[in-house]
2 protein chains.
Amino acid sequence: MCGIIGFTGGREAQSILLDGLSSLEYRGYDSAGISYFGADGKIHIRKTIGKVKDLRAICDDENSATCGIGHTRWATHGGVTTTNAHPHRVGRVSLIHNGIIENYHELVKEYHLESDLKSDTDTEVAAALLNHFYEEDPKEAIRKTVALVKGTYGFCIMFQDFPNTIFSIRSVSPLVATHCEAGSFIASDLTAFIEFSKEYFIVPEGHILTLTKDAIEVETLEGVSVNPEYMTVDWDVTAAQKDGYPHYMIKEIHEQPQAILRTITPRIKNGLPFFEDDQIPDSFFEGVTDITIIACGTAMYAGMVGKTMIQNRLQIPVTVTIASEFRYEMPILSKNSMVIAVSQSGETIDTLEALRLASKYTDRTISLVNVKGSSIARESHYALYTHAGPEIAVASTKAYTVQCATMYLLACKLGLSLGKMSEADAKEFIKTLESVPDYIEAVIAKASDVEQLTRQMINSEHTFFIGRGLDYTLTMEGALKLKEISYIHAESYAAGELKHGTIALIAEGVPVIAVATQKHVYSKTISNIREVKARGAYVILLSMDEKITDDSICDVHISLPQVPDEFAIFEAVVILQLIAYYTSVGKGLNPDQPRNLAKSVTVE
Amino acid sequence: MCGIIGFTGGREAQSILLDGLSSLEYRGYDSAGISYFGADGKIHIRKTIGKVKDLRAICDDENSATCGIGHTRWATHGGVTTTNAHPHRVGRVSLIHNGIIENYHELVKEYHLESDLKSDTDTEVAAALLNHFYEEDPKEAIRKTVALVKGTYGFCIMFQDFPNTIFSIRSVSPLVATHCEAGSFIASDLTAFIEFSKEYFIVPEGHILTLTKDAIEVETLEGVSVNPEYMTVDWDVTAAQKDGYPHYMIKEIHEQPQAILRTITPRIKNGLPFFEDDQIPDSFFEGVTDITIIACGTAMYAGMVGKTMIQNRLQIPVTVTIASEFRYEMPILSKNSMVIAVSQSGETIDTLEALRLASKYTDRTISLVNVKGSSIARESHYALYTHAGPEIAVASTKAYTVQCATMYLLACKLGLSLGKMSEADAKEFIKTLESVPDYIEAVIAKASDVEQLTRQMINSEHTFFIGRGLDYTLTMEGALKLKEISYIHAESYAAGELKHGTIALIAEGVPVIAVATQKHVYSKTISNIREVKARGAYVILLSMDEKITDDSICDVHISLPQVPDEFAIFEAVVILQLIAYYTSVGKGLNPDQPRNLAKSVTVE
């Protein structure tokens, strides 16, 4: 987490840095700060706890500086204080950092840095170490420092003696950069400078960058010059604006039908899945014996939906593993195992590391990511890009549904390749998938009903989401969404499992959101609903029934359009997203920027 | 759930029924009731919401009845009201029921029973149906009724015209019975009549029982007489008493070292696992390619520990599936798949049904159960009995640790059979397992420290448990324990996963219980702890460090004795159990009888 920006060029830096930080705020917003070369030739720092608007408030109106670095923080080491905010300065060095330095305790001891440190952060140790090694050559100091540091980092560094120059190096933590008419930019994410350039390059790991007004030099640690590979982004700044909606999240919920269409349409030909434009050969699917899905958070829950659907449809074993767990266990994979890495940003560090581990066992890795050229896309054998467009709200919505839709496409292709699905079945399946956007439109039309019912949710401390089979996997995402943006402790349970302990938390008025779209377990789920209803729960039921008249089952019923069971998750998730959204808004919170969260998680 | 007892004999029935219900109260305690043949020859009913003590308060001091049935309820259909309490009476029939009748709506319509019904329960419909079919022959009425009823049931029925006689039939829901000197008994569990008889038989499914003072007749639906197979229980009534402890739960926590010894000692010979006395042939282990563990609640979490340990040690794929999910999906099992069903009571209905499904695919099913002759033990190909002794507290403690210990034994045997563990490794492994009881003793000695630290927990609404690898699987049980008996919403998270959304719930003072006993992920877990600490969490850390001086890591540190990483879960779980116990007691709750919960879950 943490958002980083650096700029040096022919314009005033301060407003560029502040605007850039605003667009990076999804990466963290515990505190923020900038440092720049002032008119006096010295490095000045402004920093504060709070959001970028708080930083803006303490910045000078007039500031002629043309070179600076800025940071918005997601705290890892040390609490949220101004001292712990970035940039840090030690001696002649000022620095910002995204990542975690694991051996900072040892470094402090070994190099006697205690007296240099004012904060509790790991980052300041890096600044102290750079200062320790810095004599005349910034690059030499960087080389010596990164040789010692263990962990992940994206650094932007300014040295007092090198005015209007930014040095940078990264390991794992993402950085993109560009040199354009306005000058040289570097940032965690290109949204920070897309206003100035649609061309950019991904900063190669372990290379030293030197940014000046006129150019960006890239060289290896051995001093060999490298030409960065520029790419062009296919969306523009307006795609990342609110477009009349009160929040990004509700805008993005509404964008789901289009996002799915954009993602699936180019991959369907003659009514069947078609991955040639993605350069995925048929041999990739042939002979697959098992699937492992690695991901974190919402992407993992998309994986859970994929698992249940694929396993039941194709009868091949599918395992979903939390990426942060997978990477430290001994994976059980063969060369016929397909590994699917799912990540919106393509930079989720745990997923990336899990993918790297998996790649040692199988050549059949494929990633589902939303950002072109991102690390996970580059390091997997094949990438299936989801075309959700930029997702700005921290709570993922459209990225989730397009991940699910892509997983469905993939499953269909695999079913055909393995002979587990006939062409007729596949065509039927794809036809239904193509109609999903229309069904979602119909569900979105119920938004105002959902707004009504969330009044009961607003004062709850606890909520439970229950379902069976695919519905259960879907409720995991529903619970996470509510948690993230409303701070209500929501938990998902297999409907049949709640009674094995957790039903102790069901008391009068506790909301239970039940999803019952799967016919083969419908009556069982209804029995479980009665169990919680008998204990006073306030039950909101989502089903494909037109009407439920028995008020011993639920307090509110939301009827979803009739679709084949496998596809009901696409409808139901929209309701769950809306429940989370309106509950958050009803509580007076900002759903786009939940407490403690950052959008793409680039620390472990 | 629900507890059932019936008695007819030469003694006063009321006190026998009430005492029996007290010992069955772990199965449900929303409401309770009895019915009996009074001195006037008529059937009388006493029932009330609340516990058995509330029922006792409304019963006559003097009551000469010698035949009656009693029930303690765990509500499934219809709220907790006196009308919904059992026994139910319709016309000349009085009845108690454990289970769920799924098609009761349809039955009411088809047989026009509306006017007979006063309650909202499924049970009363059975009473009405029996009354509908009853002319002169009770057995004929029973036969006609069970032919129509869909669902699970254990019925005890009294007919007005058959004084001092109890009829009974069951499908799935457990019932045991005995005829002894005092008379004839039938109950959900033999604790209800163990004071009178250590001999008992498991009521065969789909047979009609007729209990009179002098005998119990058992016959098939076709009227063929059957001799029940009597068994003898190997523990007595004192094992099921509190023995000076304030609650069963704390007593059972203290019993863990002995329970483990009892369970493992007979299965170790020459320092290696030995299952001959359990009649499990070596061929059962040879050629196993994968393992599926099916269970619910705490038993499932024991399975999660087993999974992580076995998969890492033996490198064979292990899947843990929630039994209620497993039974409705299409299992992927081959004849070389080993299926392990885990259940304390051996009667958990979802686990039983999942086992039945699994048995269609493989002959390699084995159960880990604590109750001899229970359904799951009988229906699995092999049974490995855990010897926890009777567990009375609803929140399982010793049953969990012996399940884990048995899983470790099983893993070692499997490792040897598959050549994945050398004899030397196995001996080392078993030696450590044998020392676990001593380590647990040492941990229990820290109980008063734990009592102190729970003061911070008492006023919490939320708590999170975090860990990685085996620690993560252990924290699932820790969170469930706390939830069950303190009603604090506790949730377990893989330490690296918390930041993908749920960290939004971490605010000043929210307790986070972190377990960090696994060396290979220790520093990663500590980084995650710093993330929550930076957001104000109150961190309780369990590790094998002697001391932690860095107060930026945790507020309280509990040091566990040094053991090989794989075995640390046995120590850490005791602390987690004590945290749950003292938090419950500190909140003024009764940890033995948590709200809404019943011990063995015999409804789906």
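- The name given to chain A in an unreviewed UniProt entry is Glutamine--fructose-6-phosphate aminotransferase [isomerizing], with Agathobacter ruminis as the source organism.
- As recorded by UniProt, the Catalytic activity (unreviewed entry) comment attached to chain A reads in full: "D-fructose 6-phosphate + L-glutamine = D-glucosamine 6-phosphate + L-glutamate".

**Description of the overall build of chain A**
(1) Moving on: Along the backbone of chain A there are 17 helices and 26 strands.
(2) Moving on: For 604 residues, the compact-globule formula gives about 25 Å, and the C-alpha radius of gyration of chain A, at 25 Å, lands near that figure.
(3) Moving on: Taking the principal axes of its C-alpha atoms as reference, chain A extends roughly 75 × 55 × 45 Å.
(4) Moving on: Taken over 604 residues, chain A has a buried fraction of 67%.
(5) Moving on: Long-range pairs, those at least 24 residues apart, make up 71% of the contacts in chain A with a sequence separation of at least 6.
(6) Moving on: Summing over all exposed atoms, chain A offers an accessible surface of approximately 19800 Å²; the carbon and sulfur share of this is 47%.
(7) Moving on: With 54 positive and 77 negative side-chain charges, chain A shows a spacing of 3 Å between the two charge centroids.

**Here's the deal with the relation of the copies chain A and chain B**
(1) Moving on: Aligned on chain B, chain A shows an RMSD of 0.0 Å; the corresponding rotation is 180° and the shift along the axis is 0.0 Å. Expressed as an axis order, the relation between the two copies is that of a two-fold axis.
(2) Moving on: Here 100% of the contact residues of chain A are again contact residues in chain B; the copies associate through an equivalent surface.

**Points about the pattern of salt bridges**
(1) Moving on: Evaluation of the coordinates by the stated rule reveals 57 salt bridges over all chains.
(2) Moving on: As a salt-bridge pair, Asp54 of chain A and Lys53 of chain A come within 3.9 Å of each other at their nearest N and O atoms.
(3) Moving on: A residue is classified by how much of its surface remains accessible, and Lys53 of chain A, at 59% relative accessible area, is exposed.
(4) Moving on: Between Glu484 of chain B and Lys481 of chain B there is a salt bridge, with the nearest N and O atoms lying 3.4 Å from each other. With a gap of three residues between them, Glu484 of chain B and Lys481 of chain B both fall in helix α15 (residues 470–486), about one helical turn apart.
(5) Moving on: Assessed through its relative accessible area of 5%, Glu484 of chain B is described here as buried.
(6) Moving on: Overlapping salt bridges, with partners in common, bring together Glu205, Glu353, Arg356 and Glu379 of chain A in one network.

Cut-offs used in this document
Residues numbered from 1 in each chain as written. Chains lettered and ligands numbered in written order. Predicted model: local features only at pLDDT ≥ 70, side-chain atom pairs only at ≥ 80, totals over all residues. Heavy atoms only, no water. UniProt positions renumbered as here; feature names shortened; annotations may be inferred. Helix = DSSP H or I, 4+ residues; strand = E, 2+ residues; numbered from the N terminus. Rg over C-alpha atoms; globule rule 2.2 N^0.38 Å. Buried < 20%, exposed > 50% of the residue type's maximum accessible area, 1.4 Å probe, protein only. Contact = heavy atoms within 4.5 Å. Areas by Shrake-Rupley, 256 points an atom, 1.4 Å probe, with all protein chains shown as cover. Lys, Arg positive; Asp, Glu negative; His and termini not counted. Charge placed at Lys NZ, Arg CZ, Asp CG, Glu CD. Least-squares fit on C-alpha atoms with pLDDT ≥ 70 in both. Salt bridge = Lys/Arg side-chain N within 4 Å of Asp/Glu carboxyl O.

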